[in-house]
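# A closer look at the structure
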Amino acid sequence: MELKLYNSLTRQKEVFTPQDPKRVTMYNCGPTVYSYAHIGNARAAVVADVLFRVLRYIYGEENVVYARNITDIDDKIIAGAKEHGVEISDITEKYAKIYNDDLAALNCLMPTVQPKATDNIGGMIEIISKLIEDNYAYESDGHVFFDVSKYDDYGKLSGNTLDALKKGDRVGEGEVARKKNSADFVLWKPELDGVGWDAPFGRGRPGWHIECSAMAKETLGETIDIHCGGVDLKFPHHENEIAQSECAHGKTMAKYWVHNEFLNMGSEKMSKSLGNVKLIHDLTKDWEGEVIRLALLKAHYRSELIWTEDLLRESKAQLDGLYRDKAAGTRSEKLDFSFMLDDMNTAESLAHLTIELGEVLGLLQKDPEDWFKGDTSADEEAEIDALVSERDAEKNKAIAAKKSGDKAAMGAHFKRSDEIRDQLKDMGIVLEDGADGTTWRRA
Ligand code: AMP
Ligand code: ZN
């Protein structure tokens, strides 16, 4: 089976060939854990999860190593801890758990490894020391910067040339005065509110980019097969990861770069700063996780996805149909993986979705009976079950009365059974009479 992926680094579709088919490696930039993740973040995670599942399908589950980090050092986290008078770990552990739970609700598999930035400070210090030693980085006023003028390939991922970057000089940043070139980026900065680690170049904390370089190396090695993330991370984050890792290790950092397009609300991207976010945590209260997952996969990952309620409604209807087929066991179409092998074309795959393919993509994971019962509390379910049994009993009594010729009793029992059916209908419950008795589902 030959998988083609669009490689953002070479800007073309390429046949994916892992360095070692017994250890296929992928890295995905994970969340900064200081608040709830939104559905745009979920798109990035679900795209990576689909890639993980496709790779596991092709190379075998035990042969794919997927690392998704937890960024648990960040100015916003430090500020949040200070504001609420709590430990940093209180915030990061809480939101890391919420992130994993939210994604589990969308049927995302846990990554093979989930390294935390705070557990990898040693690896970051090692890379920075090597970069200073080899003259790729310099110290300046308690900071360490990467000197972009020393790396000829700087800009190869994003296509940004140093000249263009000079023009876009972000004046006003506190760091500008300390840098040799305006495009130089920070590897290490002084401690903030007492948060810092000892290093040969001074007590401080890492910049964001170096965190990923160190965690990717630590968990997967110096050259990884696939690096993923949203398009917004291409520059500067991924460009800087490449610069640091390649200069420190003298090797290609990642062979294939896979970037997902944005999820937008109307004509605007979904982002916290625009205040138009829908949190995964809230959406899962109203919609089944699989409905949200299907909605996220309806567009090709390299196309923008416009998020609407209609998209969710369509996805729900499509899944209802597939679950009906799954329950009836009538449709056992062969798994057609051809669209997935062509740069993960989920849009086409979903238009031709079979039950088997759905299951590989993390859909149709439920028992159809549970699916149609939807989000029903245990108390509600007990009440419904009791009414359904009562109705069955009334129907049986009516049939017995008919046999014995007692028309009055027959009429009374049928009347009661109809009343119960109507009562359930008002509760949004539909009954289906089958050979093995009556089952119910949400309308
Ligand atoms: P962040 O927490 O902002 O670093 O984002 C985590 C991941 O979500 C990154 O891979 C981002 O590129 C991605 N991302 C953020 N916003 C969106 C969006 N609106 N649509 C798609 N991906 C996004
Ligand atoms: Zn990263």
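Before reading on, note that the structure itself is shown above.
Here we come to the environment of Lys 366. Structurally, the position occupied by Lys 366 is in the loop between α13 (355-360) and α14 (368-373). For the pair Lys 366 and Lys 326, spaced 40 residues apart in sequence, the C-alpha separation works out to 9.9 Å. When sequence neighbours within four positions are dropped, the list of residues in contact with Lys 366 reads Glu 288, Glu 290, Tyr 323, Lys 326 and Trp 371.

Here the zinc ion (ligand 2) is held by the protein donor atoms Cys 29 (SG), Cys 212 (SG), His 237 (NE2) and Glu 241 (OE), which lie 2.0 to 2.5 Å from it. One way to put it: the 4 donor atoms around the zinc ion (ligand 2) meet at angles of 76 to 130°, and that makes the site irregular. For the zinc ion (ligand 2), the single-chain donor residues occur in sequence as C-x182-C-x24-H-x3-E. Note that Cys 29 is positioned in the loop between β3 (24-28) and α1 (39-59) and Cys 212 in helix α6 (residues 208-220), a separation of 183 residues in sequence. The same class applies to Cys 29 as to Cys 212, namely buried.

With respect to burial, strand β4 (residues 64-68) is a largely interior element, 5 of its 5 residues being buried. The alternating pattern of β4 places Val 64, Tyr 66 and Arg 68 on one face and Val 65 and Ala 67 on the opposite face, and all of these are buried. Between the parallel elements β3 and β4, the chain passes through α1 in a crossover that is right-handed.

Neighbouring ligand 1 are 13 residues; Gly 40, Gly 230, Asp 232, Phe 262 and Leu 263 lie closest to it. Between ligand 1 and Asn 41, the relevant distance is 3.2 Å, taken from an oxygen atom to a side-chain nitrogen or oxygen of the residue. A distance of 3.4 Å separates a nitrogen atom of ligand 1 from a polar atom in the side chain of Asn 260. Here ligand 1 has 490 Å² of accessible area as a free molecule, and 84% of this is covered by the chains. Elements that contribute at least two residues to the shell around ligand 1 include exactly α1 and β9 (224-230). For the shell around ligand 1, the element with the highest residue contribution is α1, accounting for 3 residues. In the shell around ligand 1, the residues fall into 5 nonpolar, 6 polar and 2 charged.

When the terminal C-alpha atoms of helix α4 (residues 121-133) are compared, their 18 Å separation across 13 residues agrees well with the 18 Å that a helix rising 1.5 Å per residue should span. Within α4, the full set of buried residues consists of Ile 121, Gly 123, Met 124, Ile 125, Ile 127, Ile 128 and Leu 131. Where α4 is buried, its residues touch β5 (137-140), β6 (143-146), β7 (185-190), β8 (204-206), α6 and α7 (234-249). Just downstream of α4 lies Asn 135, where phi reads positive at about 70°.

The subject of this paragraph is the sheet that holds strand β13 (residues 305-306). What the 3 strands build is an open sheet, ordered β12-β11-β13; its pairing is mixed. One side of each edge strand has no neighbouring strand; the edge strands of this open sheet are β12 (268-269) and β13. As paired elements, strand β11 (residues 263-265) and β12 share 2 bridges and run antiparallel to each other. Each residue of the ladder has a partner; that of Met 265, found in β12, is Glu 268.

Omega for the peptide link from Phe 235 to Pro 236 comes to 0°, which places this bond in the cis form. Structurally, Pro 236 is set in helix α7. Positive phi outside glycine occurs at Asn 135, with the angle close to 70°. Among the structural elements, Asn 135 can be located in the loop between α4 and β5. Even without being a glycine, Asp 193 presents a positive backbone phi close to 50°.

As a further point, take the pattern of salt bridges. Tallying each qualifying case throughout the model produces 29 salt bridges. As a salt-bridge pair, Lys 156 and Glu 246 come within 2.8 Å of each other at their nearest N and O atoms. A residue pair is termed long-range when its members are at least 10 positions apart, and Lys 156 in the loop between β6 and α5 (162-167) and Glu 246 in helix α7 qualify at 90 residues. Taking the relative accessible area as the measure of exposure, Lys 156 reaches 27% and is therefore partly exposed. Among the residues examined, Glu 246 registers a relative accessible area of 12% and is labelled buried. It is possible to trace a salt-bridge network through shared partners that takes in Glu 390, Lys 415, Arg 416 and Glu 419.

What counts and how
- Residues numbered from 1 in each chain as written.
- Chains lettered and ligands numbered in written order.
- Predicted model: local features only at pLDDT ≥ 70, side-chain atom pairs only at ≥ 80, totals over all residues.
- Heavy atoms only, no water.
- Helix = DSSP H or I, 4+ residues; strand = E, 2+ residues; numbered from the N terminus.
- Contact = heavy atoms within 4.5 Å.
- Donors = N, O, S within 2.8 Å, 3.2 Å for Na, K, Ca; no water.
- Tetrahedral: all angles 85-135°; square planar, octahedral: opposite > 155°, others 65-115°.
- Buried < 20%, exposed > 50% of the residue type's maximum accessible area, 1.4 Å probe, protein only.
- Right-handed = clockwise from strand over helix to strand, strands pointing away.
- Near = heavy atom within 4 Å.
- Polar contact = N/O pair within 3.5 Å; in protein donor to acceptor, adjacent residues only side chain to side chain.
- Areas by Shrake-Rupley, 256 points an atom, 1.4 Å probe, with all protein chains shown as cover.
- Nonpolar A, V, L, I, M, F, W, Y, C, P; charged D, E, K, R; others polar.
- Expected span 1.5 Å × (residues − 1).
- Pairing = 2+ DSSP bridges.
- Salt bridge = Lys/Arg side-chain N within 4 Å of Asp/Glu carboxyl O.

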